[in-house]
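Okay, here's what each chain looks like letter by letter:
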Amino acid sequence: MNSKHLRSCRCVVLCVLAIACLSCTSERDASAGTHSGSGSQTKAATTVMKTLTTPDGRRRTYRIRVPASLAAGTRVPLLIALHGGVGSGKQFEDGSGFDAIADKHRFVVAYPDGVGIGRNEDRLRTWNGGYCCGPAVKKNVDDVDFIRRLIGAVEGEYSIDASRVFIAGHSNGGIMAYRLACELSDVVA
């Protein structure tokens, strides 16, 4: 088995483990959660676009999916879902199926955007996986710091269980997920 194939296998394993961990822990929370019958409203799950300015002056974008069924004050897992090379957070949200899983198992999903080319760096987006890929590596973008800041911002706005922050990615996003598992082990489960 060559090293490229081994890295690919590791990325798939990380994605499967993240989904399994989210599903198991969220089912436990669902049965332990409290729901107040008086004054509660049924609301739809929402996905909103957010921006974060990094120390290098880039305005980085990400999407947040918040299930409607989250009980106020209940700490829930967070999944950071990383698109593949030349993709986007929106494209990965549409194609990954994570929204339906998050809605069912009660966790928050963030879909950040990598850095690309063009005036707004919004075309052909990639992640700086350390040795790969495209514009993010060529521009030496600090995606590790961006994801650390993104996690902090989401934890500051939503009731996230800091011990259940997971990362999953596709292709170049899988490479980045593997790097983050190593370099952000203090904040990523």
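It should be emphasised that the depicted structure is a prediction, and the values quoted were computed from it without experimental measurement. Think of each chain on its own: its residues are numbered from 1, step by step along the sequence as written. Reporting of local features is limited, given that this is a predicted model, to residues whose pLDDT is at least 70; pairs of side-chain atoms are given and counted only at 80 or more, and all residues count toward the totals for whole chains, interfaces and linings. Think of the side-chain values as coming from all heavy atoms in the structure, minus any hydrogens and water.

Colleague: How do you make sense of the nonpolar core when you look at a structure like this?
Modeller: Across soluble globular proteins, you tend to see nonpolar side chains buried next to one another. Grouping buried Ala, Val, Leu, Ile, Met, Phe, Trp, Tyr and Cys residues that are joined through side-chain atoms within 4.5 Å yields what is termed a nonpolar core. With a 1.4 Å probe rolled over the protein chains alone, any residue whose accessible area is under 20% of its type maximum counts as buried; one over 50% counts as exposed, and the rest are partly exposed. Core analysis: the largest hydrophobic core is formed by 26 residues, its most contacted members being Leu78, Ile80, Leu82 and Ile147. At the level of elements, strand S2 (59–66), strand S3 (76–82), strand S4 (108–112), helix H5 (143–157), strand S7 (160–169) and helix H6 (172–183) are the ones that each hand at least two residues to this core. What counts as a helix is a DSSP run of H or I of at least four residues, what counts as a strand is a run of E of at least two, and both are numbered from the N terminus. The dominant element in this core, judged by the number of residues it contributes, is H5, at 6 residues. Ignoring any residue separated from it by four or fewer positions in sequence, one finds Leu78 in contact with Val108, Ala110, Ile151, Val154, Ile160, Arg164, Val165 and Phe166. Ranked by size, the runner-up nonpolar core spans 10 residues in total, among them Ala81, Ala102, Tyr111 and Ala168. We call two residues in contact when some of their heavy atoms are within 4.5 Å.

Colleague: Help me understand the pairing of strand S1 (residues 46–53), please; the structure alone is not making it clear to me.
Modeller: For a regular strand, side chains alternate in direction, first toward one face of the sheet and then toward the other. The pairing of S1 with S2 spans 8 bridges and is classified as antiparallel. Bridge pairing links Leu52 to Arg60 in S2. As consecutive antiparallel partners, S1 and S2 are separated by 5 residues, and within that stretch Gly57 has a phi angle of approximately 90°, a positive value. Between any two strands, at least two bridges found by DSSP are needed for them to pair.

Colleague: Would you mind showing me how to read the pattern of salt bridges here?
Modeller: Pairs can form between side chains of opposite charge once their charged atoms are near each other. Salt bridge criterion: a side-chain nitrogen from Lys or Arg within 4 Å of a carboxyl oxygen from Asp or Glu. Considering all chains together, one arrives at 14 salt bridges under this definition. Across the pair Glu121 and Arg58 runs a salt bridge, and its minimum N-O distance is 2.8 Å. With Glu121 in the loop between strand S5 (115–117) and strand S6 (123–126) and Arg58 in the loop between S1 and S2, this pair connects stretches of sequence that are 63 residues apart. Note on accessibility: Glu121 and Arg58 belong to one class, buried. A salt bridge links Asp186 to Arg148, with the shortest nitrogen-to-oxygen separation between them at 3.0 Å. Here the residue Asp186 occupies a position in the segment after H6, and Arg148 occupies one in helix H5, the gap between them amounting to 38 residues. Looking at Arg148, the relative accessible area reads 33%, which means it is partly exposed.

Colleague: Help me understand the confidence of the model for the protein chain, please; the structure alone is not making it clear to me.
Modeller: Interpreting fine coordinate detail is not advised for predicted regions of low pLDDT. pLDDT is a residue-level measure of predictor confidence that goes from 0 to 100. When pLDDT is averaged along the protein chain, the result is 83, and 77% of the positions lie at 70 or above. Of the regions scoring below 50 in pLDDT, residues 1–42 engages in 40 contacts with residues more than four places distant in sequence or in other chains.

Colleague: Hey, could you run me through the environment of Glu121 in this one?
Modeller: Residue classification places Glu121 among the buried residues on the basis of a relative accessible area of 19%. Between the C-alpha atoms of Glu121 and Pro135, which are 14 residues apart in sequence, the distance is 8.8 Å. Among the polar contacts made by the side chain of Glu121, one reaches the side chain of Arg58 at a distance of 2.8 Å. Contacts described as polar in this section are N or O atom pairs within 3.5 Å, which, within protein, must combine one atom able to donate a hydrogen with one able to accept it, while residues neighboring in sequence count only if both atoms come from side chains.

Colleague: Mind showing me how you'd approach the packing of H5 against H6 here?
Modeller: Two measures define how a pair of helices packs: the angle their axes make with one another and the distance between the axes. Angles here are taken between N-to-C directions and fall from 0 to 180 degrees, while the axes themselves are lines fitted to C-alpha atoms, restricted in helices to the stretch in contact. Where H5 contacts H6, the two axes come as close as 10 Å, and the packing angle between them is 75°. Taken together, the axes of H5 and H6 are roughly perpendicular relative to one another. When H5 is examined against H6, the residues Asp143, Val144, Ile147 and Arg148 are found in contact with a partner set consisting of Met176, Arg179, Leu180 and Glu183. Side-chain classes are defined by residue name, with Ala, Val, Leu, Ile, Met, Phe, Trp, Tyr, Cys and Pro counting as nonpolar, Asp, Glu, Lys and Arg as charged, and the others, Gly among them, as polar. Its residues assigned to classes, the contact of H5 with H6 shows 4 nonpolar, no polar and 4 charged. Roughly parallel means an angle under 35 degrees; roughly antiparallel means over 145; roughly perpendicular covers 65 to 115; every other angle is labelled oblique.

Colleague: Is there a simple way to explain the environment of Val137 in this structure?
Modeller: You can see Val137 is positioned in helix H4 (residues 134–138). Sequence separation between Val137 and Val115 is 22 residues, and the spatial gap between their C-alpha atoms is 9.3 Å. Those residues within four positions of Val137 in sequence are excluded, and the remaining contacts are Trp127, Asn128, Gly129, Tyr131 and Cys132.

Colleague: Help me understand the packing of aromatic side chains in this model?
Modeller: Centre distance and the angle of the planes are the two values used to describe a pair of aromatic rings. Pairing of aromatic side chains here covers Phe, Tyr and the six-membered ring of Trp, requires ring centres within 6.5 Å, and sorts the geometry by plane angle: under 30 degrees stacked, over 60 edge-to-face, intermediate tilted. Counted according to the given criterion, the structure contains 1 aromatic pair. Geometry around Phe146 places Arg60 over its ring, the cationic atom sitting 3.9 Å from the centre. Over a ring means this: the NZ of a Lys or the CZ of an Arg is within 6 Å of the ring centre and within 35 degrees of the ring normal.

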